[in-house]
Amino acid sequence: MANNGEQMCVAKGWQDAPLIDESTLEDDLSRHFYYTLGRDKVGKSQLYLYNALALTIRDRLVARCRATKQQMHSEKRRKTAYISLEFLMGRALGNAILNLDLEEQVKLALNNYCAHIEHVAQAEHDAGLGNGGLGRLAACFLDSCASLALPVTGYGIRYEYGMFNQSIENGHQIEQPDNWLREGHPWELSAPEQAKRVKFFGHVESYTDKNGRIHRQWLDTEDVLAVPYDVPIPGYKNDIVNTLRLWKSEATDEFDLGEFNAGSYSEAVAHKNLAEQITMVLYPNDSSENGKELRLRQQYFLSSASLQDIVGLWVSQHGEKFSDFADFHVFQLNDTHPSIAVAELMRLLIDDYDLDWDAAWQITTKTMAYTNHTLLPEALEKWSVSLFARLLPRILEIIYEINARFLAQVALAWPGDVAKQQALSLIEEGSDPQVRMAYLAIVGSFSVNGVAALHTELLKEGLFKTFYELWPEKFNNKTNGVTPRRWIAHCNPKLTQLIGEKIGQDWVRDFAQISQLRRYYDDVKFHKQWQSVKLENKQRLVDLVKARCGVEFDTSMLFDVQVKRIHEYKRQLLNVLHIIHLYDRIRRGDTANLVPRCVLLGGKAAPGYYMAKRIIKLINNVADVINKDPLAQPYLRVAFLPNYNVTAMETICPATDLSEQISTAGKEASGTGNMKFMMNGALTIGTLDGANIEIRDAVGADNFFLFGAQAEQIEGIKQSYNPLHIIHNTPDLLNVMQLLESGHFNLFEPGLFDDIIGAIKSPHDPWLVAHDFDSFVQAQKAVEHAYQDQQHWTQMSILNTAASGTFSSDRTISQYSDDIWHLEALTTSSSADTAVSNSKD
Ligand SMILES: *Cc1c(COP(=O)(O)O)cnc(C)c1O
């Protein structure tokens, strides 16, 4: 190489990076605190200490992440991209310390600053890049993939503002923006040199190449840059660190030339806003879509950037040869949100890499896999064709072509059946024609799965019946799960220690082993220990409720908890009616068999969801009246915890005695909150819905409080539903309704709850609140009866934890890998005895 007389310089490589190990953690923390962050002493806020610690831990993740990537990409290896508009990660620090097994060293290092890990960890903002269960599932899945050493990369959006912060003012929900990045996000590493261009608007033209082949090109587009930010995902004590790649939208450097030349430099620069809007905010609707253009932009932005990333990497390694691309790639679409990826992969292969339609379709339908998360029709996304035509004209063309070929297939299967063709068409006809995105996902995927046994059956019989007739082999079930690392080992250290003393700690990586706890069913000494762990956890929740709600909970009372998004189908309203019923009993002096209880509710309502917000107000008003009534004091306390999120759940689920899972049967696809509570020894009161059914099967009917109509009865009940008749024939419910209607809970706010009262009394109430009330009250009486026998309650609690083995997301992910992804585990540098086991019992 030519040089101008300088000495040859060999650039240093990773092998020359300074060694980082256990012995340097203390020094690394100091270096980051004093030098990287430039601090001299710990102030009142622990923010800098937190940041220094996060950077110290990140150093250790980066090294392992590099090694994991090398393994993933050094040879041809089958990989999965998990594509999701939401990842509800919560805090990262505690999880990383647990998974890297650094607890003791971190404690020692923090001693130098007279700081405690629990306190320092409070400085971290939740990464709230999701609404609820669907986003949290994606987060649990990433933990399981890394812990099972599976080559899986998460792809999502780096929202500037995540799920809003909720406060309660005068009983009403107030939304505040979640500026979670304001104080920095030490976990991420950006890679601006790997940015992708995503096209919007413009138009499509044909051109003929030199071989006479006709091509389509998408021209005069307004491009947006997608810049990747990588978040490390550590596996549990196996030295694997996978990646969650989050995309941020930025303006390209090409400004609008017209404006620029007209001297409007500032206006041209201000145009950047439009591009940066795309990843500005998470849509706060859980289980409902609302057809907003910006939402479609987010979906296409994520799909296009992620596919370009994966296809681009393939081309850089193997050239533009796609014959075996499908052997090495799976794209798992988390719900319908990223289903536009089906059309985008077709576009990339055809327009950018010259494949013909059939070759591109072969690849697409061998790599795309779709998870459905809901049966609520309002959550099945549709986009108007006219919006599509303007925003993504080339994608619409491809969808039309997919549809034409698909409908030809339908015509073959059902000759002459025009109605069938209309029913299955990707385009819903009408005055404002719509693209049916779920249908695009089904047609373009080789696998379609539901998220609990009942949900999958209902998909096959109902929503997607005809698709099931056409392609039964595509349909499969993958019952959801949650990670036992975050949801026991991290959030319930007391229980973790107790379990460890009895059956060792292997259950953290091989959760089927938790069933060994059954051995202690009759061990009275163990019962006492189990109870004292619960008591300590209840005290932590007492402190939280006191600080956040100003309500005094009492650890000697039964802790009855319902926390989840506020939605009519989840029936927080039924819970409120039961609370009012208990209050009514107290007022009537019917307290002989009343078990004192503290009822906690929490959850966010979508800002535009009127009924959900009114239900929050009702909960708060009822809580106020009850908590102020000295008569109720000994028996009943009620609190609404503001801003329910992952971090709050980490204190809530270990402290819960009774888990409320009371959705109208057939409406909750799976639920995952139910699993977190079960693992931590709560008993469930629930309907036969979603994964509740499997929970009850696992723990046994005697250890589960069942009530309510069953899914297959719902249609029949609705035929002749007469809530007024039910109310008048159910004295307890009549009393409750009279209290509500008398304005007892809204003395100074007349009419406030009229709509709620109207909904309960409506013969069209789809959630059948009045129908299930009495059954619910009876089940709650069974709870009271059971709770009075503390010994037996403790036995049931132990059984719930012991039976929760199958609800680990490790089991779920093993099934995805075995049945859909067909991945081979990476080699872990640590020995086989520390890798998470994928045994499935
Ligand atoms: C687990 C979890 C959910 C899902 O709860 P469901 O009861 O299954 O609806 C929602 N939000 C948070 C913060 C969670 O941790």
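Scroll up a little and you will see the structure.
Described in the following lines is the structure provided in the data block. Predicted model, so just to flag it, every value in this text is computed and none were measured. (Residues numbered from 1 in each chain as written. Predicted model: local features only at pLDDT ≥ 70, side-chain atom pairs only at ≥ 80, totals over all residues. Heavy atoms only, no water.)

Overview of the environment of His-490
Tracing the sequence through the fold places His-490 in helix α19 (residues 484-490). Considering only alpha carbons, one finds His-490 and Gln-562, 72 residues apart in sequence, at a separation of 21 Å. (Helix = DSSP H or I, 4+ residues; strand = E, 2+ residues; numbered from the N terminus.)

A short note on the packing of aromatic side chains
If you walk through the whole model with that rule in mind, you get 28 aromatic pairs. Both rings, one in Phe-526 and one in Trp-530, keep their centres 5.6 Å apart while their planes meet at 45°; by these two values the pair is tilted. Within this pair, Phe-526 and its partner Trp-530 are both found in helix α21 (residues 524-549), separated by four residues, close to a single helical turn. For the residue pair Phe-526 and Trp-530, the accessibility class agrees, reading buried in each case. A centroid spacing of 5.3 Å and a plane angle of 35° characterise the contact between Tyr-816 and Trp-821, whose relative ring orientation is tilted. No difference in accessibility class separates Tyr-816 from Trp-821, as the two residues are buried. The structure contains a cluster of three or more aromatic residues connected by ring pairs, namely Trp-314, Phe-322, Phe-325, Phe-328, Phe-331 and Tyr-353. Over the face of the ring belonging to Tyr-48 we find Arg-39, whose NZ or CZ atom lies 3.8 Å from the ring centre. (Phe/Tyr/Trp six-rings, centres within 6.5 Å; stacked < 30°, edge-to-face > 60°. Buried < 20%, exposed > 50% of the residue type's maximum accessible area, 1.4 Å probe, protein only. Lys NZ or Arg CZ within 6 Å of the ring centre and 35° of its normal.)

Focus: the site of the ligand
In the vicinity of the ligand, the contacting residues are Gly-132, Gly-133, Trp-487, Lys-564, Lys-570, Tyr-644, Asn-645, Val-646, Gly-671, Thr-672, Gly-673 and Lys-676. In this structure, Thr-672 approaches the ligand through a main-chain N or O atom, which is 2.8 Å from an oxygen atom. Measuring from an oxygen atom of the ligand, one finds a backbone N or O atom of Gly-673 at 3.0 Å. Here the ligand loses 96% of its free accessible area of 390 Å² to cover by the protein chains. Split into classes, the residues belonging to the shell around the ligand amount to three nonpolar, six polar and three charged. (Near = heavy atom within 4 Å. Polar contact = N/O pair within 3.5 Å; in protein donor to acceptor, adjacent residues only side chain to side chain. Areas by Shrake-Rupley, 256 points an atom, 1.4 Å probe, with all protein chains shown as cover. Nonpolar A, V, L, I, M, F, W, Y, C, P; charged D, E, K, R; others polar.)

Observations regarding unusual backbone geometry
Phi is positive for Lys-237, which is not a glycine, with a value near 45°. For Asn-643, which is not glycine, the phi dihedral falls at a positive 60°. Relative to the elements of secondary structure, Asn-643 occurs in the loop between β22 (636-641) and α24 (646-652). Residue Asn-643 is classed as buried on the basis of its relative accessible area, which comes to 17%.

Looking at helix α26 (residues 692-699)
Along α26, the residues classified as buried are Asn-692, Glu-694, Ile-695 and Val-699. On an axial view of α26, the arc spanned by its buried residues comes to 160°, and they lie on one face. (Arc of directions from axis to C-beta.)

Points about the pairing of strand β13 (residues 329-334)
Burial analysis of β13 places six of its six residues in the buried class, which makes it a mostly covered element. Of the two faces of β13, the one holding His-329, Phe-331 and Leu-333 and the one holding Val-330, Gln-332 and Asn-334 are both buried throughout. By the bridge criterion, five bridges tie strand β1 (residues 79-83) to β13 in an arrangement that is parallel. For Ile-83, the partnering residue across the bridge sits in β13 and is Leu-333. Summarising the sheet, β13 and strand β14 (residues 368-371) pair through four bridges and their orientation is parallel. Its bridge partner being in β14, Gln-332 is matched across the sheet by Ala-369. (Pairing = 2+ DSSP bridges.)

Re the environment of Leu-541
Residue position: Leu-541 is located in helix α21. Taking the C-alpha atoms as reference points, Leu-541 and Met-346, 195 residues apart in sequence, are found 51 Å from one another. Not counting the four nearest positions on each side in its chain, Leu-541 is found in contact with Phe-559, Leu-600, Thr-651, Ile-652 and Ala-655. (Contact = heavy atoms within 4.5 Å.)

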